[in-house]
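Observations on the three-dimensional arrangement
Read off the chains here:
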Amino acid sequence: GAVVSQHPSRVICKSGTSVKIECRSLDFQATTMFWYRQFPKQSLMLMATSNEGSKATYEQGVEKDKFLINHASLTLSTLTVTSAHPEDSSFYICSASGWGGTEAFFGQGTRLTVV
Amino acid sequence: AQKITQTQPGMFVQEKEAVTLDCTYDTSDQSYGLFWYKQPSSGEMIFLIYQGSYDEQNATEGRYSLNFQKARKSANLVISASQLGDSAMYFCAMREGPQSSASKIIFGSGTRLSIRP
């Protein structure tokens with residue numbers, strides 16, 4: 001299957017700082033990328049959908065000013081958690097989909113801990 | 001309203017037996033897609049199988065098959081000859097709307113499958 005690379009895999013940051021997470025599709029053009037958040041022992045919650053070159057569409061209840069998403073190219077999307085707080089600690093995972101939409105491939109996920 | 005329902009929070013199966021993981025969905029769209037993913041303890045999401053709403057045949061990928069019953073809105077995953085390495089969390093997911101990369105994919109609550117040696 002296609003390869004989606006997500007970095008970093010783990011990050012610890014201080015409260016009040018910002019953290020950037022990258023999601024890259026390595027061998028296909030990702031026209032759409034999805035960002036999910038997963039709490040322990042729970043399902044994936046869709047945060048936002050980003051299409052290359054346009055603004056992300058956020059799900060209800062997700063603060064767009066706190067979770068900045070940029071999808072500047074067909075191979076890269078970034079999620080920036082701004083002014084992080086301990087309650088932002090979670091597992092964040094991206095997914096990329098190419099033309100056709102029959103498959104969506106996931107990155108390895110990023111475990112964010114805010115101290 | 002919950003769109004994807006997985007009613008089995010956990011299952012235990014003896015190695016080499018077949019196992020069926022249940023998934024029901026709710027949508028008013030005629031065009032949609034159904035996915036199954038495996039998530040081991042490492043956290044990565046591994047794509048297993050896909051079924052489009054217009055596909056007439058049930059999807060199969062190696063030991064995985066999807067029992068698609070459109071009228072009942074169910075898309076159960078069948079794993080044949082289970083292996084110890086199949087122990088993981090399994091998520092059913094749905095893409096609503098036309099087959100397009102832009103259609104969002106939403107997930108069920110998952111089933112934790114444990115294979116006994």
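This one's a predicted model, so the numbers in the text were calculated from it and none came from an experiment. (Residues numbered from 1 in each chain as written. Chains lettered and ligands numbered in written order. Predicted model: local features only at pLDDT ≥ 70, side-chain atom pairs only at ≥ 80, totals over all residues. Heavy atoms only, no water.)

Looking only at helices and strands, chain B features zero helices and twelve strands. Relative to the compact-globule value of 13 Å for 117 residues, chain B shows a C-alpha radius of gyration of 14 Å, a close match. Each principal axis of the C-alpha distribution contributes one length, and for chain B these read about 40 × 25 × 25 Å. When the 117 residues of chain B are sorted by exposure, 49% land in the buried category. In chain B, 54% of the contacts between residues at least 6 apart in sequence involve partners at least 24 apart. By element, 47% of the accessible surface of chain B is carried by carbon and sulfur atoms, the whole surface being about 5500 Å². Seen as two clouds, the 11 positive and the 11 negative side-chain charges of chain B have centres 4 Å apart. (Helix = DSSP H or I, 4+ residues; strand = E, 2+ residues; numbered from the N terminus. Rg over C-alpha atoms; globule rule 2.2 N^0.38 Å. Buried < 20%, exposed > 50% of the residue type's maximum accessible area, 1.4 Å probe, protein only. Contact = heavy atoms within 4.5 Å. Areas by Shrake-Rupley, 256 points an atom, 1.4 Å probe, with all protein chains shown as cover. Lys, Arg positive; Asp, Glu negative; His and termini not counted. Charge placed at Lys NZ, Arg CZ, Asp CG, Glu CD.)

Contact with chain A, which involves 24 residues of that partner, is made by 20 residues of chain B. Interface area, chain A with chain B, both sides summed: about 1700 Å², of which 57% is carbon and sulfur. Linking chain A to chain B there are one salt bridge. Here B:K104 and A:E59 are joined by a salt bridge, their closest N and O atoms 3.0 Å apart. (Buried area = accessible area lost by both parts, 1.4 Å probe. Salt bridge = Lys/Arg side-chain N within 4 Å of Asp/Glu carboxyl O.)

Let's shift gears to the packing of aromatic side chains. Under the criterion given, the structure shown has 15 aromatic pairs over all chains. Here B:F35 and B:Y37 contribute two aromatic rings whose centre-to-centre distance is 6.1 Å and whose plane-to-plane angle is 20°, an arrangement assigned as stacked. By relative accessible area, which is 0% here, B:F35 ends up buried. The structure contains a cluster of three or more aromatic residues connected by ring pairs, namely A:F28, A:F34, A:Y36, A:F105, A:F106, B:F35, B:Y37, B:F47, B:Y50, B:F91 and B:F107. Its end group placed over the ring of B:Y64, B:R63 keeps NZ or CZ at 5.7 Å from the ring centre. (Phe/Tyr/Trp six-rings, centres within 6.5 Å; stacked < 30°, edge-to-face > 60°. Lys NZ or Arg CZ within 6 Å of the ring centre and 35° of its normal.)

It is worth spelling out the side chain of B:K38 at this point. All names here are of chain B. By the secondary structure assignment, K38 is in strand 5 (residues 32–39). Buried and without a salt bridge, K38 has D86 as its closest oppositely charged side chain, separated by 4.2 Å. Of the polar contacts made by the side chain of K38, one reaches the backbone oxygen of G85; its length is 2.8 Å. Non-local contacts of K38, meaning those with residues more than four positions away in its chain, are made with E44, M45, I46, L48, Y64, G85, D86, A88, M89 and Y90. (Polar contact = N/O pair within 3.5 Å; in protein donor to acceptor, adjacent residues only side chain to side chain.)

The next thing to look at is the sheet that holds strand 1 (residues 4–7) of chain A. Residues and elements named next belong to chain A. Spatially, the four strands line up as an open sheet ordered 1-3-8-7, and their pairing is antiparallel. Only two strands of the sheet have a single partner each, and these edge strands are strand 1 and strand 7 (67–73). Taken over all neighbouring pairs, the strand axes of this sheet differ in orientation by 15° on average, direction set aside. (Pairing = 2+ DSSP bridges. Axes fitted to C-alpha atoms, helices over the stretch in contact; angles between N-to-C directions.)

Take the state of the cysteines next. By the definition in use, this model includes two disulfides over all chains. Between A:C23 and A:C94 runs a disulfide, and the two sulfur atoms are separated by 2.0 Å. Judged by the sign of its S-S torsion, about 80°, the cystine formed by A:C23 and A:C94 is right-handed. Residue A:C23 is located in strand 3 (residues 19–25), and its partner A:C94 is located in strand 9 (residues 90–97); the two are separated by 71 residues in the primary sequence. Paired through a disulfide, B:C23 and B:C92 show a sulfur-sulfur distance of 2.0 Å. (Disulfide = S-S within 2.5 Å.)

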